[in-house]
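Given next are the chains, with one letter for each unit.
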Amino acid sequence: MRSSTIDRPQSVGPETSINGPRTYTRIAIVGGGGAMGGLFAALLTKSGYAVTAVDVSALAVDAISRQGLRFEDAAGHAEFVHFEATTNPAEVGPVDLVLIMVKSLHTEEAARTIAPLLGPGTPVLTLQNGWGNVAKLQAVLGTERVLAGITVHSGSLVAPGHVRHAGIGPATIGELDGRITERVRSIAHTLKATGEVHVTTEIVKTIWSKLCLNICALPACALLRFYSGELLRHESLRDLMQALLRETIAVAAVQHVELDFAERWEAITAQLARASSVRASMLQDVEARRRTEIGAINGMVVEVGRRHGVPVPHNETLVWLVQALAASFAPDYKAVVPISAVTSPP
């Protein structure tokens, strides 16, 4: 039975004493050339950790290797932060800690390629968006290595090797079995370099709580080309987000995760109000004509809802719309030309 004294997320502040045997000084960030991976790589490097970014993007790796990562912090200050970067995990060897920061589309591929980074006791922490990443990592790496977490930081990839820190927020991490272990405390102590960090006994509930925000905001931002804060200005969108939230809470319940609508809605609106000028990650993907994470966000609600007989029509509709939009990004896609454009005289 869990002690009632640790049921709530616990902050790890400067006063925390970590006396564990592990010191997580060598850190590999898989997806370290992307927006969030680069953001964490820069913040950890600036605090003295030995960071290596492992990324499939040769352009990002080349830019970081040549000049460092151009990092614009939340206050607008820009600098070049220097850390190692490679496309080949075998060049790195075993590290103390692996952070998984790739898009959910690439989780399985990442899990299959990181074996060279793993020593006998190297933990793997996912801070990705969406639901299903933990299961994919555990299927390849085993259950013992994998921890989970979320972050409310937001970042944008301006160009390969150039990241902007768009919004500051806490991270929350935990063991999947709910224990407060020495290693999760040690990892939290390490991640203090990125800002506020919490350790929780209920990381699955925490992931679903963050998922609620993403489900409500990301597809609407992507489809309408809205910045996050703009969603709250429209009554129709507030109604839509509330409908999406109700469906998500119903699906979470059949997964034995209890969420409170009023608490989640208040948290979502507060976060969107703070993120008034933030370009949501799915909007960034659409603007760059990349595949989105809709499948691991609203798509997972649809999948679980169908499996358990929970109707989720609003989530289903947004999945269809985002998938159709993403299909139009294919190089061989031919847009329909309006008849008026063909028949109108010059």
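Heads up: the structure comes first, above all this text.
Every value quoted in this text rests on a predicted model; they were computed, and no experiment measured them.

Colleague: A description of the packing of helix H6 (residues 203-224) against helix H7 (residues 235-254) should follow, citing residues and the corresponding values.
Modeller: Following both chains from N to C, one finds H6 and H7 inclined at 145°, their axes separated by 10 Å at the closest point. For the pair H6 and H7, the sense of crossing is right-handed. Across the interface between the two elements, Trp-208, Cys-212, Ile-215, Cys-216 and Leu-224 from H6 touch Leu-237, Met-241, Leu-244, Leu-245, Thr-248, Val-251 and Ala-252 from H7. A breakdown of the residues in the contact of H6 with H7 according to their chemical character gives 11 nonpolar, 1 polar and no charged.

Colleague: So what's going on with H6? Which residues, and what values?
Modeller: The end-to-end C-alpha distance of H6, which contains 22 residues, comes to 32 Å, matching closely the 32 Å that a straight helix rising 1.5 Å per residue would cover. The largest bend in H6 amounts to roughly 30° and is located at Asn-214. Burial within H6 is extensive, with 18 of its 22 residues counted as buried.

Colleague: Got a sec to walk through the state of the cysteines? Specific residues and values, please.
Modeller: Taken as a whole and judged by the stated rule, the model has 0 disulfides. Distance from the sulfur of Cys-216, which forms no disulfide, to the nearest cysteine sulfur (Cys-212) is 6.6 Å. What makes Cys-216 buried here is its relative accessible area of 0%. In this structure Cys-221 is a free cysteine whose sulfur lies 11 Å from that of Cys-216, the closest cysteine sulfur available.

Colleague: Residues and numbers for the nonpolar core, please.
Modeller: Of all hydrophobic cores here, the largest spans 66 residues; its most connected members are Val-98, Ile-114, Leu-117, Trp-208 and Leu-231. Counting residues per element, this core draws most heavily on H6, which supplies 13 residues. Setting aside residues up to four positions removed in sequence, Leu-117 forms contacts with Ala-28, Val-30, Val-54, Pro-89, Val-92, Gly-93, Pro-94, Val-95, Val-98 and Thr-122. The next biggest cluster of nonpolar side chains, apart from the first, holds 33 residues, and it includes Phe-40, Ala-42, Leu-99 and Val-197.

Colleague: If you had to explain the environment of Leu-43 to someone new, which residues and values would you point to?
Modeller: The topology assignment puts Leu-43 in helix H1 (residues 35-46). Taking relative accessible area as the criterion, Leu-43 reaches 13% and is therefore assigned buried. Note: C-alpha distance between Leu-43 and Asp-73 (30 residues apart in sequence) is 9.4 Å. Residues contacting Leu-43, with those up to four places away along its chain left out, are Phe-71, His-165, Ala-193 and Thr-194.

Colleague: If you had to explain the packing of H6 against helix H8 (residues 261-274) to someone new, which residues and values would you point to?
Modeller: In the contact formed by H6 and H8, the axes pass within 10 Å of each other and the chain directions differ by 60°. Regarding the angle of H6 to H8, the classification is oblique. Taken as a pair, H6 and H8 cross one another with a handedness that is right-handed. Side by side, H6 and H8 meet where Ser-209, Cys-212, Leu-213, Cys-216 and Ala-217 of the first sit next to Arg-264, Ile-268, Gln-271 and Leu-272 of the second.

Colleague: Now, about unusual backbone geometry: what can you tell me, with residues and values included?
Modeller: Non-glycine residue His-256 carries a positive phi angle of around 65°. Within the secondary structure, His-256 sits in the loop between H7 and H8. For His-256, a relative accessible area of 74% gives the class exposed. Here Arg-289, not a glycine, exhibits a phi torsion of approximately 60°, which is positive. Tracing the sequence through the fold places Arg-289 in the loop between helix H9 (281-287) and helix H10 (298-308).

Colleague: Explain the side chain of Asp-285 to me, using residue names and the numbers behind them.
Modeller: Tracing the chain through its elements places Asp-285 in helix H9. A relative accessible area of 1% means that Asp-285 is categorised as buried.

Calculation notes
Residues numbered from 1 in each chain as written. Predicted model: local features only at pLDDT ≥ 70, side-chain atom pairs only at ≥ 80, totals over all residues. Heavy atoms only, no water. Axes fitted to C-alpha atoms, helices over the stretch in contact; angles between N-to-C directions. Helix = DSSP H or I, 4+ residues; strand = E, 2+ residues; numbered from the N terminus. Left-handed = near helix turned anticlockwise from the far one by under 90°. Contact = heavy atoms within 4.5 Å. Nonpolar A, V, L, I, M, F, W, Y, C, P; charged D, E, K, R; others polar. Expected span 1.5 Å × (residues − 1). Bend = angle between axes of the 7 residues up to and from the residue. Buried < 20%, exposed > 50% of the residue type's maximum accessible area, 1.4 Å probe, protein only. Disulfide = S-S within 2.5 Å. Core = buried A, V, L, I, M, F, W, Y, C linked by side-chain atoms within 4.5 Å. Parallel < 35°, antiparallel > 145°, perpendicular 65-115°, else oblique.

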